[in-house]
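# An overview of the molecular structure
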Amino acid sequence: MTEDLDTHIVVVGAGFSGLGLGVKLKEAGYHDFLIVEQTGDVGGTWRDNTYPGVAVDITSFNYSFSWEQNPNWSRVYAPGRELKAYADHLVEKYGLRAHLVFDTEITQARFDEDAHLWRLDAADGRRVTARFAVSAVGGLTQPKPPNISGLDTFAGKTMHTARWDHDYDLTGKRVAVIGTGATAVQLVPAIADRVEHLEVFQRTPIWVAPKLDAPIAAPVRRMFQRLPRSQRSVRLTTGAITEAVMVLGATYERQFPWLRTGIEQLCLAHLRRQVPDPRLRAKLTPKYSFLCKRPTYSNHYLRSFTRPDVDLVTEGIERITKTGICTADGRLHKIDALILATGFKVFELGNTPPFPVYGTGGLELGRFWHDQRYQAYEGVTVPGFPNLFAILAPYSLTGASYFAMIEAATTHILRLLREADQRWATYVEVRREPHDAYFRDILRRQQNTVFMAADCGGSNSYYFDHHGDAPMLRPATGPEMWWRARHFPLEHYRFRSVESAGADLDGARRSRRFTPIASLLGGLR
């Protein structure tokens, strides 16, 4: 049997959240940490999603860490393989390989209230013990197959876009795609030329804006390499545009409804240019407000449906048979391959978190969120779960890209770790009162967002949970998130030590910054 693992800090997940935190832990002087990954490689979303056409839908300049910009992106919207290469680059440049533990799927985590330790069980029987635990699991990791009768009876090839089978050749096949979200918008134009016939089954049309994409010329890349400030300037400009249009538009719908309606008019004009047929155009026109669902951009998706070998199917699916898909009009659509572009589980029981997490008093985090609404102080911590931090938690995402959220959460976590060191604390927990006050403020602000102030009915958006809340996005701007990560009151947290028998260490500062690992782990080594 493989030996158990002991460490000061365990990070679960080796996507960009885990890698980014790992780099900053090392820079801050924390070297006793492990990044535990259930698969055999890094990259998270960009390791798993390799379907044809996969690319970022935020400009490449912003889809990277501010402290490690990549001057070699090939396009304004980089293809997925370049994001995977960027993850590999982070591992090698910052020496993270020694901290990575692959093929270790965590199945349960439980807080030891007496020793102030997290004990995480892995599927292979090992246990990981750590003082602090960080959830760096992504939100879009578990594919969500559609709930359609007969799905498992189809005799042809079935695959989800996040589990693409590159050994299967679509050339000359009759192919069906179920789903018309952001993934399908990239996939459909990428495979239309290869297949004999393509049918796209749409439940809800999606807003599509023009994509201002282009190759980045070699001279420009050389300029970015030699003059990093030039790339930083481009990043600031594109980030400001994203903030002004997307973040303000979603967060302050009640104050600035014209931002959303202006984008809707742009999208409708784009649709008219790409689809001349008014009947087809009507089928592709959303009946809900822009930004209620994940926004998407494409110069090719809408035009795909004007091809004679691509059909848009809007009749409801009744069942799937051995040979194809039966729709509500009684028609059988015979196909060779079925592609599920049906998205992922997001804020729902069993995915957030993806394994049971037991805090003080046996409280389970997933059940707490499911029953009591999704909530987390500054998108990082929850009362009852000491020494546990999250990168992607309820109301954590805002700003120009996921990377802005990762950097803010990392800053928050490092502030707490440093403060714990200064106080010789082995226990860090957000206090109930500031947490609840923060959540009340989130709910108040959420009333101004597009999710509550516009018409999102019928959008079928994963932004919403079963409570009717929209916990994916924080109702705040990126600059506010940046500021709060650096200035939240440390008094909002309770610091204790094993030796203090539970007494708070609010005033007990000591000059020594780091507690010896042997003391932290109670002699586990």
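Residues numbered from 1 in each chain as written. Predicted model: local features only at pLDDT ≥ 70, side-chain atom pairs only at ≥ 80, totals over all residues. Heavy atoms only, no water.

## Describing the environment of His 270
Position of His 270 relative to the elements: it lies in helix 7 (residues 257-274). Taking relative accessible area as the criterion, His 270 reaches 4% and is therefore assigned buried. Taking C-alpha positions, His 270 is 6.7 Å from Ala 209, a pair spaced 61 residues apart along the chain. Residues in contact with His 270, not counting those within four places in the same chain, are Val 208, Ala 209, Pro 210, Ser 298, Asn 299 and Leu 302. (Helix = DSSP H or I, 4+ residues; strand = E, 2+ residues; numbered from the N terminus. Buried < 20%, exposed > 50% of the residue type's maximum accessible area, 1.4 Å probe, protein only. Contact = heavy atoms within 4.5 Å.)

## Re helix 1 (residues 16-27)
Spanning twelve residues, helix 1 covers 17 Å between terminal C-alpha atoms, matching the ideal 16 Å at 1.5 Å per step. Burial of helix 1 is extensive: ten of the twelve residues sit out of reach of the surface. Every buried residue belonging to helix 1 is among Phe 16, Ser 17, Gly 18, Leu 19, Gly 20, Leu 21, Gly 22, Val 23, Lys 24 and Leu 25, and all of these are buried. Trailing helix 1 by a residue or two, Gly 29 shows a phi angle of about 95 degrees, which is positive. (Expected span 1.5 Å × (residues − 1).)

## Some remarks on the nonpolar core
Core analysis: the largest hydrophobic core is formed by 148 residues, its most contacted members being Ile 9, Phe 16, Leu 25, Trp 118, Leu 170, Leu 198 and Leu 417. Of all the elements, helix 11 (residues 402-423) adds the most residues to this core, at ten residues. For Leu 198, the contacting residues outside a window of four places in its chain are Val 175, Val 177, Val 188, Ile 191, Ala 192, Asp 309, Val 310 and Asp 311. Of all hydrophobic cores here, the second largest spans twelve residues; its members include Phe 201, Ile 320, Ile 325 and Leu 340. (Core = buried A, V, L, I, M, F, W, Y, C linked by side-chain atoms within 4.5 Å.)

## What about a nonpolar patch on the surface?
On the surface, a cluster of nonpolar side chains totalling about 240 Å² of accessible area is made up of Val 220, Met 223 and Leu 227. Secondary-structure assignment places Met 223 in helix 5 (residues 218-226). (Patch = residues over 30% accessible without salt bridge, like charges linked within 9 Å, V, L, I, M, F, W, Y side chains within 5 Å. Areas by Shrake-Rupley, 256 points an atom, 1.4 Å probe, with all protein chains shown as cover. Salt bridge = Lys/Arg side-chain N within 4 Å of Asp/Glu carboxyl O.)

## Some remarks on the environment of Val 234
Turning to its location among the elements, Val 234 is positioned in helix 6 (residues 228-251). The spatial distance from the C-alpha of Val 234 to the C-alpha of Thr 327 is 48 Å, given a sequence separation of 93 residues. Contact partners of Val 234, with chain neighbours within four places excluded, come to Phe 61 and Phe 224.

## Here's the deal with the side chain of Glu 429
Structurally, Glu 429 can be placed in strand 19 (residues 427-430). Looking at Glu 429, the relative accessible area reads 9%, which means it is buried. Looking at Glu 429, its side chain comes within polar contact range of the side chain of Tyr 427, at 2.7 Å. Setting aside chain neighbours within four positions, we find Glu 429 in contact with Pro 383, Gly 384, Phe 385, Pro 386, His 492, Tyr 493 and Arg 494. (Polar contact = N/O pair within 3.5 Å; in protein donor to acceptor, adjacent residues only side chain to side chain.)

## Focus on helix 7
With 18 residues, helix 7 should reach 26 Å at 1.5 Å per residue; the first-to-last C-alpha distance of 26 Å fits that figure. Turning to helix 7, its buried residues number three or more, namely Leu 259, Arg 260, Ile 263, Glu 264, Cys 267, Ala 269, His 270, Leu 271 and Gln 274. Looking at the buried side of helix 7, the elements it contacts are strand 10 (208-209), helix 6, helix 8 (278-283), helix 9 (301-304) and helix 13 (450-453).

Shape descriptors only; they carry no functional weight alone.
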